[in-house]
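For reference, the chains in residue letters:
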Amino acid sequence: MPRIRPDFNIDGSVGRVFFAGEIAGFFNPMGEGISSALESGHLAARAVCESFSEPAVAALKYGVYLKPLRTYMERQWHFVGTVAKTFSEM
Ligand SMILES: Cc1cc2nc3c(=O)[nH]c(=O)nc-3n(C[C@H](O)[C@H](O)[C@H](O)COP(=O)(O)OP(=O)(O)OC[C@H]3O[C@@H](n4cnc5c(N)ncnc54)[C@H](O)[C@@H]3O)c2cc1C
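Residues numbered from 1 in each chain as written. Predicted model: local features only at pLDDT ≥ 70, side-chain atom pairs only at ≥ 80, totals over all residues.

**Q** With reference to specific residues and values, describe the site of the ligand.
**A** Close to the ligand lie G21, E22, I23, G31, E32, G33, I34, S35 and A37. Of the residues in the shell around the ligand, the class split is three nonpolar, four polar and two charged. (Near = placed C-beta within 6 Å. Nonpolar A, V, L, I, M, F, W, Y, C, P; charged D, E, K, R; others polar.)

**Q** I'd like a description of the packing of helix α1 (residues 33–50) against helix α2 (residues 55–65), backed by residues and values.
**A** One can describe the packing of α1 onto α2 by two numbers: an axis separation of 8 Å at closest approach and a directional angle of 145°. Note on packing geometry: the crossing formed by α1 with α2 is right-handed. The residues of α2 that touch α1, namely those facing L43, A44, R46, A47, V48 and E50, are A58, K61, Y62 and Y65. Of the residues that constitute the contact of α1 with α2, the class distribution is seven nonpolar, no polar and three charged. (Axes fitted to C-alpha atoms, helices over the stretch in contact; angles between N-to-C directions. Helix = DSSP H or I, 4+ residues; strand = E, 2+ residues; numbered from the N terminus. Left-handed = near helix turned anticlockwise from the far one by under 90°. Contact = placed C-beta atoms within 7 Å.)

Below is the structure:
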């Protein structure tokens, strides 16, 4: 947790390599990371299936599809900041 802060970077992809779950930046401070790993993995697959022959387009779509999940994670981080003094800067 000390290494991941609310202004975390979401790295959706590099070239044809797509990232999901914690390696993409979706570290859930509430300890519920499985759902975001599954959701981002599903969204990556969706973007790739829709635009398989155009990786750049798939990457853009993936970034758009990830926005609600990112917003959810930001809410989680801000909530943790309100309940734990250690993370009050969040
Ligand atoms: C003790 C504990 C309890 C938890 N309890 C819950 C819970 O109750 N509910 C919940 O939702 N979440 C829980 N979590 C969090 C949850 O486990 C993670 O958020 C989730 O597993 C993240 O999924 P992921 O796919 O991003 O990463 P991971 O599940 O960590 O998968 C990454 C995989 O990549 C592999 N890997 C790493 N480097 C390489 C490489 N170079 N080449 C090939 N493979 C590689 C790793 O071996 C691993 O299998 C818990 C975590 C811990 C530690």
